[in-house]
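This is what each chain is made of:
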Amino acid sequence: STKKCIKGHERNMSSGTTSACHSSEWVTLNVGGKIFTTTRSTLTQQDSTSMLARMFGDEKTVTWHSSVDESGAYLIDRSPRYFEPILNYLRHGQLVLDKDINPQGVLEEARFFGLPTLMDTLEDIIEKNQVPDDRTPIT
Amino acid sequence: STKKCIKGHERNMSSGTTSACHSSEWVTLNVGGKIFTTTRSTLTQQDSTSMLARMFGDEKTVTWHSSVDESGAYLIDRSPRYFEPILNYLRHGQLVLDKDINPQGVLEEARFFGLPTLMDTLEDIIEKNQVPDDRTPIT
Amino acid sequence: STKKCIKGHERNMSSGTTSACHSSEWVTLNVGGKIFTTTRSTLTQQDSTSMLARMFGDEKTVTWHSSVDESGAYLIDRSPRYFEPILNYLRHGQLVLDKDINPQGVLEEARFFGLPTLMDTLEDIIEKNQVPDDRTPIT
Amino acid sequence: STKKCIKGHERNMSSGTTSACHSSEWVTLNVGGKIFTTTRSTLTQQDSTSMLARMFGDEKTVTWHSSVDESGAYLIDRSPRYFEPILNYLRHGQLVLDKDINPQGVLEEARFFGLPTLMDTLEDIIEKNQVPDDRTPIT
Amino acid sequence: STKKCIKGHERNMSSGTTSACHSSEWVTLNVGGKIFTTTRSTLTQQDSTSMLARMFGDEKTVTWHSSVDESGAYLIDRSPRYFEPILNYLRHGQLVLDKDINPQGVLEEARFFGLPTLMDTLEDIIEKNQVPDDRTPIT
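Residues numbered from 1 in each chain as written. Chains lettered and ligands numbered in written order. Predicted model: local features only at pLDDT ≥ 70, side-chain atom pairs only at ≥ 80, totals over all residues. Heavy atoms only, no water.

**Observations regarding the overall build of chain A**
Right, on to step 1. Assigned secondary structure in chain A consists of 5 helices and 5 strands.
Right, on to step 2. Along chain A, helices and strands appear, N-terminal first, in the series β-β-β-α-α-β-β-α-α-α.
Right, on to step 3. Residue burial in chain A is summarised as follows: out of 139 residues, 60% are buried.
Right, on to step 4. Long-range contacts, defined here as pairs at least 24 residues apart, represent 50% of the contacts in chain A between residues at least 6 apart.
Right, on to step 5. Of the roughly 5900 Å² of accessible surface on chain A, 49% is carried by carbon and sulfur atoms. (Helix = DSSP H or I, 4+ residues; strand = E, 2+ residues; numbered from the N terminus. Buried < 20%, exposed > 50% of the residue type's maximum accessible area, 1.4 Å probe, protein only. Contact = heavy atoms within 4.5 Å. Areas by Shrake-Rupley, 256 points an atom, 1.4 Å probe, with all protein chains shown as cover.)

Next comes the structure, spelled out in structure tokens:
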């Protein structure tokens, strides 16, 4: 039987395509103190101009680098809570928000990581939900 | 007295059946950076064609493999938050969702792991709850 | 002054009873990948026929055993989220549920661990809250 | 310039008082498996008769002791979730509860740790919120 | 191509400014037992008179120091839950609160860390939401 390699970016698992599974494909991120494990393909596939694509893309396209912590995880000085839906979006192309997550927090991350499509979606969500409450940010 | 082995898939604990308890039965998964501990039986019992059944089933049925991290945990590049109800479903056959969990996120995992029965249930849940709000995914 | 030993099962801390404090009293559980620290007294006091009482009771009453992980924690293949209120119940005899916890998930754990009093309470809670919504389990 | 030592109990940071900063001031608690880091001053200042004050007070007033885990953290067999607001109360004298926290759970901890002022406040909160729902504890 | 260094305080990632990336820029905080990873720039940029700016600023402006734990993380005896929005505010200048977070808890941290602008915003939020409920602090 043909062995396949699990990577988050293989949408259709019945496609039968075989891909090599190098361990260098796996990346550990330390986002604000919390560890996220993912793959280079996930970080680079949705938007080739995003900060993460420029950090983890091909040798010739990498224009950003980052420090790593003592365990080898790439250090990113951002909110782990609001990074979570960003990473899930990179995995499967869908923005999924739980009820208790403030979309404003996710928008700040989408802006930081340079994901304009996601920013537009989040701005739409915020605008439609906008009621004159007290959860609006300091301007 | 007869010693029994605790595994998550033994539904009826008063049944009195004895089963051998090999430590190779236990499996550690690193899902997106979070560690889950479970057993091979849990991962393979509900649906023999799922990705997890194909990863952790009998020698002859395993058609997928995965990298492991430095602690020996199998790496899976998916959301730990939405994997949690998937794993609980594999443990006892029930889909249980907390109020603050977006079923859309769990559906993405059910699709990735190849669990059609669970996908149908989640699609029903999403359809019935569907109101024209802003939490719908980017299409 | 008389030194006392802190254990979770001493309800009335002004009672002044002295009890020996053996370190073997402390138990570490690895429930689905999350570590819980508790005492043998907590795990055995509420219901002598529960699975946990049979795992951690007196030498002669122990009829279940479990594997341990590399840190010596007892492995239990269940949901840590829904085990939490179970363990609190064993500590002080009260069932306390936060608003965002689905009681159906806790019921599955009460059933697994063999706690009939708790099961009755949870079934009452679920029945009274039952409205024809979409959060019901797959049957 | 005068160097100051950060401790959670210094309310007024502009007061300019200087206090020695001994590392023995710092205490690590293992509450039900979760690690909390705090100071002896925090644990002893609000109520000198509480269990924590009797564990971590002056040599002559300490009348309780506890086991420690392998990392040196003091073991307490209680709920980490409901201990969190207790510890915050000891830090600044305010009871702050998030919406999803059941005050009944915090009351059980206040009772265990012997904090009568906090118990009164929590009983008031529970009484006022009391509606005939299903979240009431088993009696 | 010009390499850039990722730090949380670089708002405009297309600005093209190059900055040296010293590992001493990264700081680990142990807030009440939870680890946060961030940079000195984040901790010092929003308000030069805050406690964190005085802890992590230039050699000559540092007027506070703190103990470190065995891993080298700076010990702060405060609530990690309510510190999280404080740190995000220092990262990007916006206060973002999830629905289930009690703003009173964040206000206590803003007061402790000496962030008057944030205190004003939080007091506004609390005042506007104020209804005679039972979640008010003990006074």
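**A few points about the pattern of salt bridges**
Right, on to step 1. For the structure on display, the rule yields 35 salt bridges over all chains.
Right, on to step 2. Of the charged contacts in the structure, one is a salt bridge between Lys34(B) and Glu84(B), with a shortest N-O distance of 3.7 Å. One end of the pair, Lys34(B), is in strand β3 (residues 34-39); the other, Glu84(B), is in helix α3 (residues 80-92), with 50 residues separating them in the sequence.
Right, on to step 3. For Lys34(B), a relative accessible area of 41% translates into the label partly exposed.
Right, on to step 4. Judged by its relative accessible area of 12%, Glu84(B) falls in the buried class.
Right, on to step 5. Of the charged contacts in the structure, one is a salt bridge between Arg111(C) and Glu108(C), with a shortest N-O distance of 3.3 Å. One end of the pair, Arg111(C), and the other, Glu108(C), are both in helix α4 (residues 103-113), 3 residues apart, so they sit about a helical turn from each other.
Right, on to step 6. Using a relative accessible area of 6% as the deciding quantity, one classes Glu108(C) as buried.
Right, on to step 7. The structure contains a network of salt bridges with shared partners spanning Lys34(A), Glu84(A), Asp98(A) and Arg81(B). (Salt bridge = Lys/Arg side-chain N within 4 Å of Asp/Glu carboxyl O.)

**Here we look at the pairing of strand β3 (residues 34-39) of chain D**
Right, on to step 1. Sheet topology note: the strand β2 (residues 26-31) of chain D/β3(D) ladder contains 6 bridges and is antiparallel. Opposite Val31(D), over in β3(D), you have Lys34(D) as the bridge partner. (Pairing = 2+ DSSP bridges.)

**With respect to the packing of helix α3 (residues 80-92) of chain D against helix α4 (residues 103-113) of chain D**
The axes of two packed helices give the description: the angle between them and the distance between them.
Residues and elements named next belong to chain D.
Right, on to step 1. Between α3 and α4, the shortest axis-to-axis distance is 8 Å and the interhelical angle comes to 65°. Overall, the two elements α3 and α4 adopt an arrangement that is roughly perpendicular. Between α3 and α4 lies a crossing of right-handed hand. The residues of α4 that touch α3, namely those facing Tyr-82, Phe-83, Pro-85 and Ile-86, are Gly-105, Val-106, Glu-109, Ala-110 and Phe-113. (Axes fitted to C-alpha atoms, helices over the stretch in contact; angles between N-to-C directions. Parallel < 35°, antiparallel > 145°, perpendicular 65-115°, else oblique. Left-handed = near helix turned anticlockwise from the far one by under 90°.)

**Some words on the sheet that holds strand β5 (residues 74-76) of chain B**
Residue and element names in this part refer to chain B.
Right, on to step 1. Taken together, 3 strands build an open sheet; the order of strands is β3-β2-β5 and the sheet is mixed. Of all strands in the sheet, those bounded by a partner on one side alone are β3 and β5. In this sheet, adjacent strand axes meet at a mean angle of 30° when their direction is disregarded.
Right, on to step 2. Strand contacts of α3: β2 (26-31) and β3, with the helix running at about 5° to β3, the strand carrying the most contacts.

**Description of the side chain of His92(B)**
Right, on to step 1. With respect to the secondary-structure elements, His92(B) resides in helix α3.
Right, on to step 2. The exposure class assigned to His92(B) is buried, which follows from its relative accessible area of 6%.

**Some words on the sheet that holds strand β5 (residues 74-76) of chain A**
Two orientations exist for strands paired in a sheet by backbone hydrogen bonds: parallel and antiparallel.
Residues and elements named next belong to chain A.
Right, on to step 1. Pairing is mixed in the open sheet, where 3 strands are placed in the order β3-β2-β5. Of all the strands in the sheet, the pair left with one neighbour each is β3 (34-39) and β5. Taking the axes of each pair of neighbouring strands and ignoring which way they run, one obtains an average angle of 30° across the sheet.

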